[in-house]
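Letter by letter, the chains look like this.
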Amino acid sequence: IDAGDTFAFDEVGYEDKEEREQQAAERIFGLLSSNGQGDELKSLWYEFEAGISSDAKFAVAIDRLLPFLHNIWTEGGASWEEHHPSFEQVYQRNVEGVGTASTELWDYVRKLLDCAKKKEWIASSAEQDKS
(Lines give C-alpha, C1' and ligand atoms only; values in the text may rest on other atoms or scores of the structure.)
Protein backbone atom coordinates (compact mmCIF):
# COMPACT_ATOMS: atom_id res chain seq x y z
CA ILE A 1 0.00 0.00 0.00
CA ASP A 2 2.79 2.41 0.89
CA ALA A 3 4.69 1.69 -2.33
CA GLY A 4 1.65 1.86 -4.58
CA ASP A 5 0.76 -0.66 -7.24
CA THR A 6 2.95 -0.92 -10.32
CA PHE A 7 1.34 -2.34 -13.46
CA ALA A 8 3.11 -5.53 -14.49
CA PHE A 9 4.25 -4.16 -17.85
CA ASP A 10 5.08 -0.60 -16.79
CA GLU A 11 8.80 -0.37 -17.50
CA VAL A 12 9.09 3.16 -16.08
CA GLY A 13 7.23 2.18 -12.91
CA TYR A 14 9.61 -0.72 -12.38
CA GLU A 15 12.65 1.56 -12.35
CA ASP A 16 12.11 2.48 -8.68
CA LYS A 17 9.65 -0.25 -7.65
CA GLU A 18 12.17 -2.21 -5.58
CA GLU A 19 13.28 0.91 -3.71
CA ARG A 20 9.68 1.98 -2.99
CA GLU A 21 8.78 -1.50 -1.77
CA GLN A 22 11.88 -1.75 0.40
CA GLN A 23 11.08 1.58 2.10
CA ALA A 24 7.47 0.51 2.61
CA ALA A 25 8.54 -2.83 4.05
CA GLU A 26 10.93 -1.21 6.50
CA ARG A 27 8.18 1.10 7.75
CA ILE A 28 5.42 -1.50 7.94
CA PHE A 29 7.49 -4.31 9.43
CA GLY A 30 9.02 -1.78 11.82
CA LEU A 31 5.57 -1.21 13.30
CA LEU A 32 5.61 -4.85 14.41
CA SER A 33 9.18 -5.00 15.70
CA SER A 34 8.37 -4.77 19.40
CA ASN A 35 7.12 -8.37 19.56
CA GLY A 36 9.40 -9.96 16.94
CA GLN A 37 6.55 -10.44 14.51
CA GLY A 38 8.00 -7.82 12.17
CA ASP A 39 11.23 -9.77 11.70
CA GLU A 40 9.33 -12.98 10.97
CA LEU A 41 7.04 -11.32 8.41
CA LYS A 42 9.94 -9.45 6.84
CA SER A 43 11.77 -12.75 6.43
CA LEU A 44 8.73 -14.24 4.70
CA TRP A 45 8.50 -11.21 2.42
CA TYR A 46 12.17 -11.60 1.43
CA GLU A 47 11.52 -15.30 0.79
CA PHE A 48 8.59 -14.38 -1.48
CA GLU A 49 10.65 -11.75 -3.34
CA ALA A 50 13.50 -14.22 -3.89
CA GLY A 51 11.09 -16.91 -5.06
CA ILE A 52 13.46 -19.72 -4.13
CA SER A 53 11.53 -21.98 -1.75
CA SER A 54 8.61 -24.11 -2.92
CA ASP A 55 6.21 -21.99 -0.85
CA ALA A 56 7.58 -18.77 -2.35
CA LYS A 57 7.37 -20.15 -5.89
CA PHE A 58 3.75 -21.11 -5.31
CA ALA A 59 2.95 -17.68 -3.81
CA VAL A 60 4.57 -15.96 -6.81
CA ALA A 61 2.58 -18.20 -9.16
CA ILE A 62 -0.68 -17.22 -7.49
CA ASP A 63 0.39 -13.56 -7.49
CA ARG A 64 0.89 -13.75 -11.27
CA LEU A 65 -2.10 -16.00 -11.92
CA LEU A 66 -4.82 -13.84 -10.38
CA PRO A 67 -4.45 -10.73 -12.59
CA PHE A 68 -3.94 -12.97 -15.62
CA LEU A 69 -7.19 -14.81 -14.92
CA HIS A 70 -8.97 -11.50 -14.36
CA ASN A 71 -7.96 -10.39 -17.85
CA ILE A 72 -8.93 -13.74 -19.35
CA TRP A 73 -12.36 -13.98 -17.71
CA THR A 74 -13.20 -10.39 -18.62
CA GLU A 75 -12.28 -11.14 -22.23
CA GLY A 76 -9.21 -9.01 -22.46
CA GLY A 77 -9.64 -7.01 -19.30
CA ALA A 78 -9.37 -3.28 -18.80
CA SER A 79 -5.63 -3.42 -18.06
CA TRP A 80 -4.81 -5.26 -21.30
CA GLU A 81 -7.07 -2.89 -23.24
CA GLU A 82 -5.45 0.16 -21.66
CA HIS A 83 -1.80 -0.89 -21.75
CA HIS A 84 -1.71 -3.30 -24.74
CA PRO A 85 0.91 -5.76 -23.48
CA SER A 86 2.14 -8.11 -26.18
CA PHE A 87 1.57 -11.85 -26.15
CA GLU A 88 5.30 -12.26 -25.56
CA GLN A 89 5.22 -9.97 -22.50
CA VAL A 90 2.27 -11.81 -20.96
CA TYR A 91 3.83 -15.16 -21.79
CA GLN A 92 7.19 -14.24 -20.26
CA ARG A 93 5.69 -12.84 -17.07
CA ASN A 94 3.64 -15.97 -16.52
CA VAL A 95 6.21 -18.57 -17.54
CA GLU A 96 8.59 -17.01 -15.01
CA GLY A 97 5.97 -17.00 -12.26
CA VAL A 98 3.52 -19.81 -12.91
CA GLY A 99 5.72 -21.98 -15.12
CA THR A 100 8.46 -22.38 -12.51
CA ALA A 101 6.00 -23.37 -9.77
CA SER A 102 3.68 -25.87 -11.38
CA THR A 103 3.63 -27.64 -14.71
CA GLU A 104 -0.09 -28.30 -14.31
CA LEU A 105 -0.90 -24.64 -13.73
CA TRP A 106 1.44 -23.63 -16.56
CA ASP A 107 -0.30 -26.00 -18.99
CA TYR A 108 -3.61 -24.37 -18.07
CA VAL A 109 -2.21 -20.83 -18.42
CA ARG A 110 -0.63 -21.70 -21.77
CA LYS A 111 -4.01 -22.88 -23.12
CA LEU A 112 -5.64 -19.67 -21.92
CA LEU A 113 -2.83 -17.62 -23.49
CA ASP A 114 -3.37 -19.33 -26.83
CA CYS A 115 -7.11 -18.63 -26.52
CA ALA A 116 -6.46 -14.96 -25.71
CA LYS A 117 -4.24 -14.62 -28.76
CA LYS A 118 -6.74 -16.40 -31.00
CA LYS A 119 -9.54 -14.11 -29.79
CA GLU A 120 -7.21 -11.11 -30.30
CA TRP A 121 -7.32 -9.97 -26.68
CA ILE A 122 -3.52 -9.76 -26.90
CA ALA A 123 -1.37 -9.55 -30.01
CA SER A 124 2.20 -10.55 -30.70
CA SER A 125 4.83 -7.83 -30.81
CA ALA A 126 5.05 -8.18 -34.59
CA GLU A 127 1.28 -7.78 -34.95
CA GLN A 128 1.33 -4.71 -32.69
CA ASP A 129 4.09 -3.12 -34.80
CA LYS A 130 1.91 -3.41 -37.90
CA SER A 131 -0.91 -1.36 -36.40
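Each value, and the rule that gives it
- Residues numbered from 1 in each chain as written.
- Predicted model: local features only at pLDDT ≥ 70, side-chain atom pairs only at ≥ 80, totals over all residues.
- Heavy atoms only, no water.
- Helix = DSSP H or I, 4+ residues; strand = E, 2+ residues; numbered from the N terminus.
- Expected span 1.5 Å × (residues − 1).
- Buried < 20%, exposed > 50% of the residue type's maximum accessible area, 1.4 Å probe, protein only.
- Arc of directions from axis to C-beta.
- Contact = heavy atoms within 4.5 Å.
- pLDDT = per-residue confidence, 0-100.
- Axes fitted to C-alpha atoms, helices over the stretch in contact; angles between N-to-C directions.
- Parallel < 35°, antiparallel > 145°, perpendicular 65-115°, else oblique.
- Left-handed = near helix turned anticlockwise from the far one by under 90°.
- Nonpolar A, V, L, I, M, F, W, Y, C, P; charged D, E, K, R; others polar.
- Core = buried A, V, L, I, M, F, W, Y, C linked by side-chain atoms within 4.5 Å.
- Phe/Tyr/Trp six-rings, centres within 6.5 Å; stacked < 30°, edge-to-face > 60°.
- Lys NZ or Arg CZ within 6 Å of the ring centre and 35° of its normal.

A. Broad picture of helix α6 (residues 103-118). Taking 1.5 Å of rise per residue, the 16 residues of α6 would be expected to cover 22 Å, and the 22 Å separating its terminal C-alpha atoms lies within 8% of that figure. For α6, the full list of buried residues reads W106, V109, L112, L113 and A116. Looking straight down α6, one finds that the buried residues subtend no more than 125° of arc, so they occupy a single side. Facing away from the buried surface of α6 by more than 90 degrees, the exposed residues are T103, E104, K111 and K118. Where α6 is buried, its residues contact α3 (54-73), α4 (77-83) and α5 (87-97). After α6 finishes, the residue E120 shows a positive phi value of roughly 65°.

B. Summary view of the confidence of the model for the chain. The predicted model of the chain averages 88 in pLDDT, with 95% of residues at 70 or higher. Per-element averaging of pLDDT across the chain places helix α7 (residues 125-130) at the bottom with 66 and α6 at the top with 95.

C. The arrangement of the packing of helix α1 (residues 17-30) against helix α2 (residues 37-50) in detail. With their axes 9 Å apart at the nearest point, α1 and α2 run at an angle of 155° to one another. Here α2 runs roughly antiparallel to α1, going by the angle between their axes. In terms of crossing hand, the pair formed by α1 and α2 is right-handed. Residues E21, Q22, A25, E26 and F29 of α1 pack against G38, L41, K42, W45, Y46 and E49 of α2. Residue composition of the contact of α1 with α2, by class: five nonpolar, two polar and four charged.

D. Representation of the nonpolar core. Core analysis: the biggest nonpolar cluster contains 16 residues, and F68, W80, V90, V109, L113 and I122 have the highest contact counts within it. Elements that contribute at least two residues to this core include exactly α3, α5 and α6.

E. Representation of the packing of aromatic side chains within the structure. Counting across every chain of the model gives five aromatic pairs. An aromatic cluster is built from F29, W45 and Y46, whose rings are joined through pairwise contacts. The ring of F87 is capped by K117, whose NZ or CZ atom sits 4.7 Å from the centre of that ring.

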